[in-house]
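Architecture at a glance
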Amino acid sequence: MKFKRSDFPQDFIFGTATSSYQIEGHSFGGAGPTHWDTFAAKPGKILDGTDGAIACDHYNRWQEDLDLIKDAGFDSYRFSTSWARVMPEGRGAVNQEGLDFYERLVDGMLARGIKPMATLYHWEMPAALDALGGWQNADVADWFAEFTDVIAKRLGDRLFSTATINEPWCVSWLSHFEGHHAPGLQDIKATARAMHHVLKAHGKSVQVLRQNGVKDVGIVCNFEGTMPADDSVESARAAARYEAIYNRFFLQGIFEGTYPEEVLEGLGPHLPAGWKDDMALIQQPLEWVGVNYYTAKAFRETDGPWPSCETVRTGADTTHMNWEIHPDHLTKLLKWIADTYTKDLPLYVTENGMAGEHTLNDQDRVSYLNGHVLAAKSAMDAGVPLGGYTFWSLMDNYEWAFGYAERFGLVHVDFDTLERTPKVSYLALRDAMSQ
């Protein structure tokens with residue numbers, strides 16, 4: 001690596017991350033079905049036709065996986081809790097076996113000197129609640145608050161940090177407008193309601209965490225660099241519209257209590273009645289904001305329906321998933337987020353990584369991570385209060401609609417034997433962490 005730990009402040013936190021459905025094996029431990037189980041069962045929805053029933057068998061192999069984190073020299077582990085594992089119906093009865101698993105996991109981190117960074121929701125809506133409308137249902141905020149309370153009472157005293165929701169854009173837009181993720185809808189009314197309700201649920205969850213004395217509460221949002229495809233007014237307009245949907249909507253709701261006009265043009269008529277009355281709840285104070293970053297895109301306007309924009313290739317290098325590689329946009333985004341919304345509030349890069357070739361000698365990943373960590377350092381040098389950097393992901397896993405076909409891991413997983421083998425990127429980061 002072209003960086004080392006000593007290049008960063010002494011209290012800077014380096015970590016790695018996963019999410020529950022992608023690694024645990026959802027057929028174990030009394031977990032209830034999720035809308036990803038429902039979605040994966042539909043023909044053609046998952047690239048290789050797989051699901052998360054076994055995944056990486058982390059439910060049974062968690063000690064080995066925590067040892068990998070410790071041996072790499074990482075300070076923290078960002079993990080998520082499965083709502084349906086803890087509350088199989090989403091409400092009411094608690095599965096003690098599921099709660100016991102997360103308690104063992106957190107205690108295992110602490111015993112190894114690893115800071116537990118929890119995310120309450122990483123895309124796993126219990127199927128019973130999805131059948132009631134899921135994120136479209138206004139009651140989802142109360143359902144999520146109940147789940148939050150169960151986790152907070154059992155684990156809250158031992159968590160280093162807690163994020164309410166991971167990537168609200170994916171929870172709402174990607175899943176309800178584009179249909180690529182569960183529940184797989186393409187419905188503008190459903191999208192508007194989901195985008196608002198996910199923030200309302202975040203606000204209620206923060207309140208419950210506070211009531212339980214949980215400290216260091218934040219949210220994790222995903223961001224993409226955006227740019228016009230050319231110098232035309234139309235392309236500038238398209239890029240601004242996409243940026244409003246992807247980068248601005250959720251931060252503006254949380255920090256300013258408003259939604260961007262470019263988004264209201266399309267979603268305004270479909271938002272729930274009285275939505276403005278929820279903005280005070282959505283604006284709960286936070287201790288930090290997580291930034292997930294992978295790529296940047298260029299846009300031009302189209303004649304199609306709102307949002308009337310499409311991506312255009314810039315000619316930049318791409319990952320195995322054909323995502324363009326633009327580390328400079330991470331610098332720009334961190335500075336823009338801090339200057340526009342979060343000010344002196346600490347930011348954390350909570351996910352950054354790439355889908356690479358299926359090889360242990362992943363030099364492409366080493367190069368990608370080098371570029372992005374140095375880009376984050378540039379933002380810090382410019383005054384951005386960045387407190388940590390989390391690499392996605394610890395190991396190859398179930399990559400949602402791509403099944404097991406795409407690999408983001410620092411550690412290779414053989415999905416036949418489930419054997420873990422560190423890749424060159426893991427070894428390079430281990431060396432960088434030791435210096």
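The text that follows walks through the structure, step by step, so that each part is easy to find. A quick note: this is a predicted structure, and the numbers were derived from the prediction, not measured. (Residues numbered from 1 in each chain as written. Predicted model: local features only at pLDDT ≥ 70, side-chain atom pairs only at ≥ 80, totals over all residues. Heavy atoms only, no water.)

When helices and strands are counted, the protein shows 15 helices and 11 strands. Relative to the globule expectation of 22 Å for 435 residues, the C-alpha radius of gyration of the protein, 20 Å, shows essentially globular dimensions. For the protein, the spread of C-alpha atoms along the three principal axes comes to 50 × 50 × 45 Å. Within the protein, buried positions represent 61% of all 435 residues. For the protein, the share of sequence-separated contacts (at least 6 apart) that also reach a separation of at least 24 residues comes to 77%. Approximately 15700 Å² of the protein is accessible, and the part contributed by carbon and sulfur atoms is 48%. (Helix = DSSP H or I, 4+ residues; strand = E, 2+ residues; numbered from the N terminus. Rg over C-alpha atoms; globule rule 2.2 N^0.38 Å. Buried < 20%, exposed > 50% of the residue type's maximum accessible area, 1.4 Å probe, protein only. Contact = heavy atoms within 4.5 Å. Areas by Shrake-Rupley, 256 points an atom, 1.4 Å probe, with all protein chains shown as cover.)

A few words on helix 13 (residues 328-342). Taking 1.5 Å per residue as the helical rise, helix 13 with its 15 residues ought to reach 21 Å, and the 20 Å between its terminal C-alpha atoms agrees with that figure. For helix 13, the set of buried residues is H329, L330, T331, L333, L334, I337, A338, Y341 and T342. (Expected span 1.5 Å × (residues − 1).)

Another aspect to go through is the pairing of strand 8 (residues 347-351). Taken across its 5 residues, strand 8 has 5 buried, putting it largely inside the fold. For the crossover that starts at strand 8, traverses helix 14 (residues 363-381) and ends in the parallel strand 9 (residues 386-392), the hand is right-handed. (Right-handed = clockwise from strand over helix to strand, strands pointing away.)

Evaluation of the coordinates by the stated rule reveals 27 salt bridges. The partner of R420 in a salt bridge is D65, with the nearest N and O atoms 2.9 Å apart. Taken together, the positions of R420 in strand 11 (residues 420-422) and D65 in helix 3 (residues 58-72) put the pair 355 residues apart, joining distant regions of the chain. Of the residues examined, R420 reaches a relative accessible area of 8% and is grouped as buried. The partner of K153 in a salt bridge is D149, with the nearest N and O atoms 2.7 Å apart. Linking K153 with D149, this pair stays in helix 7 (residues 140-155), spanning 4 residues, or about one helical turn. Residue K153 is classed as exposed on the basis of its relative accessible area, which comes to 57%. Each member of the salt-bridge network shares a partner with another, and the members are D100, E103, D107, R154, D157 and R158. (Salt bridge = Lys/Arg side-chain N within 4 Å of Asp/Glu carboxyl O.)

This next bit is on the packing of helix 5 (residues 96-111) against helix 7. Relative orientation of the contacting elements helix 5 and helix 7 amounts to 45°, with a least axis distance of 10 Å. When the axis of helix 5 is compared with that of helix 7, the two are oblique. The chirality of how helix 5 crosses helix 7 is right-handed. Facing helix 5, whose interface residues are Q96, L99, D100, Y102, E103 and V106, helix 7 presents V150, I151, R154 and L155. In terms of residue class, the contact of helix 5 with helix 7 is built from 6 nonpolar, 1 polar and 3 charged. (Axes fitted to C-alpha atoms, helices over the stretch in contact; angles between N-to-C directions. Parallel < 35°, antiparallel > 145°, perpendicular 65-115°, else oblique. Left-handed = near helix turned anticlockwise from the far one by under 90°. Nonpolar A, V, L, I, M, F, W, Y, C, P; charged D, E, K, R; others polar.)

With that settled, consider unusual backbone geometry. Each neighbour pair has its own omega, and for A182 with P183 the value is 10°, a cis peptide bond. Checked against the element boundaries, P183 lands in the loop between helix 8 (168-176) and helix 9 (188-211). Between W306 and P307 the backbone carries a cis peptide bond, its omega angle lying at 15°. Summarising the element assignment, P307 is placed in the loop between strand 6 (288-301) and strand 7 (309-312). With a phi close to 55°, E167 is a non-glycine residue in the positive phi region. Turning to its location among the elements, E167 is positioned in the loop between strand 4 (161-166) and helix 8.

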